[in-house]
Amino acid sequence: MLQRIDLAEGKVHAFVTVTEEHALRQARLADERIASGQFGPLTGVPALIKDVICTKGVLTTCSSKMLQNFVPPYDATVVEKLNSRGMVMVGKANMDEFAMGSSTENSAFFTTHNPWDLSRVPGGSSGGSAAAVAAGETIYALGSDTGGSIRQPAGFCNIVGLKPTYGRVSRFGLVAFASSLDQIGPLTKDVTDCALVMNAIAGHDRRDSTSADYPVPDYTKALITDLHGLKIGIPKEYFVEGMQRSVKEVMDAAIAKLEELGAQMEETSLPHTKYALAVYYIIAPSEASANLARYDGVKYGYSAQDAESMWDAMQKTRQYGFGPEVKRRIMLGTYALSAGYYDAYYLKAQKVRTLIRREFDQAFERFDALVTPTSPTVPFKIGEKTDDPLQMYLSDVCTLPINIAGIPGLSVPAGFAEGLPVGMQILGKPFSEETLFRIGYAYEQATGWGKMRPSI
Ligand code: GLN
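Since we're looking at a predicted model, the values are computed, not measured.

1. Quick look at a nonpolar patch on the surface
Argument step 1. A surface patch of nonpolar side chains, about 290 Å² in accessible area, is lined by Tyr335, Tyr341 and Tyr345.
Argument step 2. Secondary-structure assignment places Tyr345 in helix H11 (residues 343-366).
Argument step 3. Here Tyr345 falls in the partly exposed class, since its relative accessible area comes to 33%.

Set out below in structure tokens:
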């Protein structure tokens, strides 16, 4: 695996840190466990962790100058859990700074390239995680998803990515972006691996007060290839204007395939979908502006040394430490939360959030699941959207509503348009990950799209 990383990294740039010694040490431990008969399906399996998830003694930068030298003194719960199952961590993955973005172009260090076409983005913010899985530089990866950051890069790189139900996976040790939306999840080469990683990381954690005390099933039991008895809705608002025609064609074929596998497919409508983007870009920046207040040059990370006063130090620290997108979000958020504007923006957004959630609740009274495209377009060119933040924000229209509602979403390879990967998003009610796995697995087994790998 380390050799493969050496070979591919010059082109893909998915890793902020390669943890070679750490990996060799963990591999020796895994060998000992296997020799003594104490092992499970993830023992000795290489993994890459998004650089927003704390790893004890290993640099955790959030791809930001602010945390360029930050070495956490503890492991995130998900890392503890994977370590206890014999993970071999090969490194930390590049991302958009503090997980704000859709392309990894907001990384303060470098942009990750899509292994299917090196002139294109891998998606984001978990672009490093997705590109590395696609390029065979790791077997699986962890990402975080606040508005699509696991599913959209999974779709762009032809792999599987799950945003679990809010509260299903502990956020302890995940550097906070927007706490009511953030969730950790797996990026894997197929649905089986995704179920195996979920078996390891899901569950209640006393150290995360939003984590749900709800039993964790064996997700691999859901992997069956028959969809008879399932009713799946196709919400027409997700087949939006501005959606690429070739993506629509792939989705039409995918929907026909699901029907052939026994599912009953029916068009439906979720009219509040059109407010999701606006709601997200009030709530996420508001929460981010509060969460990022802690980077003041005193407690963590970078600290400006050439300042004349305490205020000057704070200002210089934040001026140098944060990149332009992070500053934009902090400004948006502090504005939306300020006295006089709070009711008009933040409170209003919270109310519409409730409407969006209720609309999904109602849909799931009639349907076992919903399917949509993961993204309205194929992976775009590096640099194509960097000058136009609104265009960049639009690339998440299909994924944002899912975080707003707190429901689970799985992206699986759906096929190819113009030679580039297209993802299909499968949605379900809270804690219905098993249904999503069943649909994803049946589709994967029937089509084989997920088996295609880029030549790199
Ligand atoms: N692209 C979205 C944003 O920029 C979502 C990011 C995420 O899910 N972390 O906020």
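2. Here we look at the pattern of salt bridges
Opposite charge on two side chains permits pairing when their charged atoms draw close.
Argument step 1. Counted under the stated rule, the structure contains 17 salt bridges.
Argument step 2. Between Arg171 and Asp208 there is a salt bridge, and its shortest N-O distance comes to 3.9 Å. Separated by 37 residues along the polypeptide, Arg171 in the loop between strand S5 (160-163) and strand S6 (183-188) and Asp208 in the loop between helix H6 (191-201) and strand S7 (231-235) bring together distant segments of the chain. Considered together, Arg171 and Asp208 belong to a single accessibility category, that of buried residues.
Argument step 3. In this structure, Glu266 engages Lys231 in a salt bridge whose closest nitrogen and oxygen atoms are separated by 3.7 Å. With Glu266 in strand S8 (residues 264-268) and Lys231 in strand S7, the pair connects residues that are 35 residues apart, well separated along the chain.
Argument step 4. Via salt bridges that share partners, Glu80, Asp205 and Arg207 belong to a single interconnected network.

3. Notes on the side chain of Arg151
Argument step 1. Relative to the helices and strands, Arg151 is located in helix H5 (residues 151-157).
Argument step 2. Taking the relative accessible area as the measure of exposure, Arg151 reaches 0% and is therefore buried.
Argument step 3. Look past the residues within four positions of Arg151 in its chain and what remains in contact with it is Asp145, Gly161, Lys163, Thr374, Thr399, Ile402, Asn403, Gly409, Ser411 and Gln425.

4. So, helix H7 (residues 245-260)
Argument step 1. With 16 residues, H7 should cover 22 Å at 1.5 Å per step; its first-to-last C-alpha distance of 23 Å lies within 8% of that length.
Argument step 2. The complete set of buried residues in H7 reads Ser246, Val247, Val250, Met251, Ala254, Ile255 and Leu258.
Argument step 3. Contacts made by the buried residues of H7 are with S7, S8, strand S9 (369-373), strand S10 (409-417), strand S11 (420-427) and helix H14 (433-447).
Argument step 4. Following H7 by one or two positions, Gly262 has its phi on the positive side, about 115°.

5. Focus on the site of the ligand
Argument step 1. In the vicinity of the ligand, 15 residues are found, and the nearest of them are Thr146, Gly147, Ser149, Tyr280 and Asp396.
Argument step 2. In the model, an oxygen atom of the ligand is placed 3.2 Å from a nitrogen or oxygen of the Gly148 main chain.
Argument step 3. Across the complex, the protein chains shield 100% of the 290 Å² of accessible surface that the ligand would expose by itself.

6. Regarding the packing of aromatic side chains
Argument step 1. All chains considered together, the criterion is met by 19 aromatic pairs.
Argument step 2. Seen from their ring centres, Tyr295 and Tyr300 are 5.8 Å apart, and the 50° between their planes marks the pair as tilted.
Argument step 3. Relative accessible area serves as the criterion here: at 3%, Tyr295 is assigned to the buried category.
Argument step 4. The partly exposed category is assigned to Tyr300, whose relative accessible area is 31%.
Argument step 5. Aromatic side chains Tyr335 and Tyr345 sit 5.9 Å apart centroid to centroid with 45° between the ring planes, which places their arrangement in the tilted category. With Tyr335 in helix H10 (residues 324-337) and Tyr345 in helix H11, this residue pair connects regions lying ten residues apart in the sequence.
Argument step 6. Grouped by ring-pair contacts, the aromatic residues Phe70, Phe98, Tyr295, Tyr300 and Phe322 constitute a single cluster.
Argument step 7. Above the face of the Tyr320 ring, Lys65 is positioned so that its terminal group lies 4.6 Å from the ring centre.
Argument step 8. In this structure, Lys385 packs its charged tip against the face of Phe380, placed 4.4 Å from the ring centre.

7. Considerations on the side chain of Glu237
Argument step 1. In this fold, Glu237 is placed in the loop between S7 and H7.
Argument step 2. Notably, Glu237 is buried but unbridged: the nearest opposite-charge side chain belongs to Lys236, and the N-O separation is 4.6 Å.
Argument step 3. Once residues within four sequence positions are removed from consideration, Glu237 is found in contact with Thr268, Ser269, Leu270, Pro271 and Thr273.

8. Concerning helix H3 (residues 77-84)
Argument step 1. Regarding H3, the residues found buried are Thr77, Val78, Val79 and Leu82.
Argument step 2. On its buried face, H3 sits against strand S2 (46-50), strand S4 (140-145), S6 and H6.
Argument step 3. One or two positions beyond H3, positive phi appears at Gly86, with a value near 85°.

Conventions adopted
- Residues numbered from 1 in each chain as written.
- Predicted model: local features only at pLDDT ≥ 70, side-chain atom pairs only at ≥ 80, totals over all residues.
- Heavy atoms only, no water.
- Patch = residues over 30% accessible without salt bridge, like charges linked within 9 Å, V, L, I, M, F, W, Y side chains within 5 Å.
- Areas by Shrake-Rupley, 256 points an atom, 1.4 Å probe, with all protein chains shown as cover.
- Salt bridge = Lys/Arg side-chain N within 4 Å of Asp/Glu carboxyl O.
- Helix = DSSP H or I, 4+ residues; strand = E, 2+ residues; numbered from the N terminus.
- Buried < 20%, exposed > 50% of the residue type's maximum accessible area, 1.4 Å probe, protein only.
- Contact = heavy atoms within 4.5 Å.
- Expected span 1.5 Å × (residues − 1).
- Near = heavy atom within 4 Å.
- Polar contact = N/O pair within 3.5 Å; in protein donor to acceptor, adjacent residues only side chain to side chain.
- Phe/Tyr/Trp six-rings, centres within 6.5 Å; stacked < 30°, edge-to-face > 60°.
- Lys NZ or Arg CZ within 6 Å of the ring centre and 35° of its normal.
- Lys, Arg positive; Asp, Glu negative; His and termini not counted.

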